[in-house]
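Descriptive analysis of the structure
Each chain is listed here by its residues.
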Protein chains: 2
Amino acid sequence: VRAVSPAAFATQCDRQSSYDVVLGKPLDDPIGLLAEAIAGRPALIVTTPTVDRQYGQALRDWIAASGVNATVEVVRLGEANKTMETVLQVATAAKRRRLGRRDPLIAFGGGICCDVVTLAATLVRRGSPYICMPTTLLAQIDAGIGLKGGVNFDGCKNFLGCFAPPSNVFIDMDWLRTLPSVEVRSGTAEIIKMALILDAELFEVVTGGWQRLLRTRYTDAEGVGRRVVARSIELMLEELQDNWYEDRSLQRLADFGHTFSARLEELSGYRLRHGLAVAVDMALSTVIASILGMLTHDECEHILAGLELVGLPTFVPWCTAGEMFPAARASARNRGGDLNLVLPTGIGRATFLHHLEDLPLTLLEQAVDRLQRRASERPCAPPRTVVAEPAPLDGITTPASVRSAA
Amino acid sequence: VRAVSPAAFATQCDRQSSYDVVLGKPLDDPIGLLAEAIAGRPALIVTTPTVDRQYGQALRDWIAASGVNATVEVVRLGEANKTMETVLQVATAAKRRRLGRRDPLIAFGGGICCDVVTLAATLVRRGSPYICMPTTLLAQIDAGIGLKGGVNFDGCKNFLGCFAPPSNVFIDMDWLRTLPSVEVRSGTAEIIKMALILDAELFEVVTGGWQRLLRTRYTDAEGVGRRVVARSIELMLEELQDNWYEDRSLQRLADFGHTFSARLEELSGYRLRHGLAVAVDMALSTVIASILGMLTHDECEHILAGLELVGLPTFVPWCTAGEMFPAARASARNRGGDLNLVLPTGIGRATFLHHLEDLPLTLLEQAVDRLQRRASERPCAPPRTVVAEPAPLDGITTPASVRSAA
């Protein structure tokens, strides 16, 4: 043995990845990009009962026409069963179909489907390739285009998860045509999030053209919806570009609306849709910024009015100072101990409230109080928007008690 | 909205990581490298009942002396409970101890402990830092120093797992002093693996100095054991250097002994220790190479005799051609469809048998037959080496039926 006896061995283990997010028509062309991405390998396509009802036939027609060796697995997916058990169910399907190390899993569904398949693919054989085909507005501009997979665990949203780049993302905006309106609003919340921190014009286009965007599910003939979606994707990818793995910094502008929202979802028993919880969180953060003098009264009103205009809630009964105070602490544990609350300083720009001490309970009480009073003074704000409608969660019925509580 | 309407958005998401593997005395110095790595954060140290019995007091003394905010979680760990349930048990402990996003999990145990904690840390909050303190020979030169985490699933070894670099690896070779001899042999199998593919001299040093290495648990006063361990670590890190994530290639020399071994472990109900299964796999691969004329008869004998000299099995009853033939197919699924069986072409060099067609059933039958005959002709080969002794698996008793079968 050579006389090697050092005390420390240095190891470098960099990893290179890249992928494209493509707006196109993956199921319209049997020899197109999707078939090319699968490249003759066996593939497992995971979808949900809702998506299967709407697009299962088109999917199976495409499989038959393209001749790819793909099988379809329909899995019940909602926040309430966004769990490790469901991930293991997908892993079992991959094993049963004898998928190998380089054979892709494909998510064909909303954000939860993308999150679960991302995690399952990452675990199977220590990392199998996966393709996302997000079908909801929220997934097309947020959950389905990034690196994050995750499941809820022990009462904590996304406590277990991963960062793993997809090999491809294929988006067909025509899949939005069958979305229930609450899903359109939920996705719009994330678009408004990107607009408020980065692009004032985007905020005006979405709120100004809302009726048409809602009616056409972002697929208007003039292409406004498509430009909004394309711009949102571009902003999201740009914003995350230098910190995909959240290892450079835990101060992320894209966390706007994501400090209190997870707790709101948990408190609602995951009946409050993600985008709607984000809207309430953005409203709360906006009022906090206003109280702190970072935002003028008019700007604050303009933001809240914009949220309300597109049918998003600015308050829900679960939003109490007593609950939001520990929620901020739980978020800080996810951010290395710092609060890093994103606060708008105008339309299209934002800053951070760094430390937990900067958010005393009295400030939270004042902000919650203002939003609660505002909600009670506007009886026209549709309470229906708070909980999911008309299809709450696949396989889960919203109890009447919650509907009336909202 | 700016006129952004491209069809595809290109995304680059590289990740940089590095870490050191340190041979030292982490628990001897309360203000040393380990305390520095924990850096005042809360930490969760996961260990096993066996390690806790031997080194739990030293660990607790170190915690008290260093003043770090660390808690110890003792978890039963063996191949049979190397499962996602155990990973979730560690995740629950991390959540209960309120570990945040930058707070480390620490594995203090053998290869299974390192594998499970690696996966748990990777999942918790989408990736928490983790530190490995491997206590067995196998973990110190293999399982505890790389990127792989994993658990068994649905009858398939390591079907679920991850690649995730540790933030630190701290090794104290004095922890080897209390190892049962079967554990010393199991780790020696992985050292011999590296030697046979890359370093003929290492093979001679280990087999030539075996009695002393075994008696001193690689901690002889002359430092032979330390040089062997250091050289093995160096070879392993060098070999994996350009392909840490197995994304460049699925042809890996370090897979020598790892084509049939997983199935042998599964067939034994995980009572056959990993290193011992690797030894049988290496023996089988060596005989295959000999039959194919890649290796002289003398070189083949030299390798088999070396394995036997250090008390490693070259045959076990589970090693039948009928089982090893599909095992090769299962391994190929993990290697993108190719067999990539590593075959020695001499002492210290190796090549690949690339395709499944290159390994017909008749060839396997011939090789297994030769090893079986050899084993029956050498009644002195201690059958005790086959199953675990004296401490089989934490919390698991080896049934008498298996002991006698072996």
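This is a predicted model, so every value here is computed, not measured. (Residues numbered from 1 in each chain as written. Chains lettered and ligands numbered in written order. Predicted model: local features only at pLDDT ≥ 70, side-chain atom pairs only at ≥ 80, totals over all residues. Heavy atoms only, no water.)

**Focus on the state of the cysteines**
Enumeration according to the criterion identifies 0 disulfides over all chains in this entry. Summary of cysteine pairing: Cys-162 of chain A is not part of a disulfide, and the nearest cysteine sulfur, belonging to Cys-162 of chain B, is at 9.9 Å. (Disulfide = S-S within 2.5 Å.)

**Some remarks on the interface of chain A and chain B**
Quite often, the size of an interface is put as the accessible area lost when its parts meet. At the junction of the two partners, chain A supplies 75 residues and chain B supplies 75 residues. Of the roughly 7600 Å² buried where chain A meets chain B, counting both sides, 53% is carbon and sulfur surface. At the boundary of chain A and chain B, one finds 6 salt bridges. Lys-95 of chain A is the salt-bridge partner of Asp-154 of chain B, the closest N and O atoms lying 3.5 Å from each other. Between the two partners, chain A and chain B, sit 34 residue pairs in polar contact (both at pLDDT 80 or more). Of all the elements, helix α9 (residues 224-240) of chain A adds the most residues to the side of chain A that touches chain B, at 8 residues. Of the residues in the side of chain A that touches chain B, the class split is 38 nonpolar, 16 polar and 21 charged. (Contact = heavy atoms within 4.5 Å. Buried area = accessible area lost by both parts, 1.4 Å probe. Salt bridge = Lys/Arg side-chain N within 4 Å of Asp/Glu carboxyl O. Polar contact = N/O pair within 3.5 Å; in protein donor to acceptor, adjacent residues only side chain to side chain. Helix = DSSP H or I, 4+ residues; strand = E, 2+ residues; numbered from the N terminus. Nonpolar A, V, L, I, M, F, W, Y, C, P; charged D, E, K, R; others polar.)

**A few points about unusual backbone geometry**
For Ala-39 of chain B, which is not glycine, the phi torsion reads 50° and is therefore positive. Structurally, Ala-39 of chain B is set in the loop between α1 (33-38) and β3 (43-47).

**Observations regarding the pairing of strand β2 (residues 18-23) of chain B**
Sheet analysis places strand β1 (residues 8-12) of chain A next to β2 of chain B, joined by 5 bridges and oriented antiparallel. Counted as the bridge partner of Gln-12 of chain A is Ser-18 of chain B from β2 of chain B. In terms of strand pairing, β2 of chain B meets strand β9 (residues 168-171) of chain B through 3 bridges, oriented parallel. By the bridge assignment for β9 of chain B, Val-21 of chain B is matched with Val-169 of chain B. (Pairing = 2+ DSSP bridges.)

**Digging into the pairing of strand β11 (residues 349-353) of chain A**
Residue and element names in this part refer to chain A. In the sheet, strand β10 (residues 341-346) pairs with β11 via 5 bridges, with the strands oriented antiparallel. Following the sheet pairing, Gly-346 is matched in β11 by Arg-349. Hairpin connection of β10 to β11: 2 residues between the antiparallel strands, including Gly-348 at a positive phi of 95°.

**With respect to the sheet that holds strand β6 (residues 130-134) of chain B**
Spatial ordering of the open sheet is given by β1(A)-β2(B)-β9(B)-β6(B)-β5(B)-β3(B)-β4(B), a layout of 7 strands whose pairing is mixed. Edge positions in the open sheet fall to β1 of chain A together with β4 (70-74) of chain B, since each of these has one partner strand only. On average, each strand axis in the sheet is inclined to that of its neighbour by 15°, with strand direction left out of account. Two strands pair when backbone bridges link them, and β3 of chain B and β4 of chain B are joined in this way by 5 bridges, in the parallel orientation. Residue pairing for β4 of chain B: Val-46 of chain B is matched across the bridge by Glu-73 of chain B. The sheet strands contacting helix α2 (residues 49-66) of chain B are β3, β4 and β5 (105-109) of chain B, and the helix crosses β4 of chain B at an angle near 170°. Against the sheet, helix α3 (residues 84-96) of chain B contacts β3, β4 and β5 of chain B, and its axis sits at roughly 150° relative to β3 of chain B. (Axes fitted to C-alpha atoms, helices over the stretch in contact; angles between N-to-C directions.)

**Points about the relation of the copies chain A and chain B**
In the superposition of chain A on chain B (RMSD 0.0 Å, axial shift 0.0 Å), the rotation amounts to 180°. Here the symmetry operator amounts to a two-fold rotation axis. Proximity to the rotation axis, assessed at the C-alpha, singles out Arg-15 of chain A in chain A; its C-alpha lies 2.6 Å from the axis. Interface residue correspondence from chain A to chain B reaches 100%, placing this contact among same-surface, isologous pairings. (Least-squares fit on C-alpha atoms with pLDDT ≥ 70 in both.)

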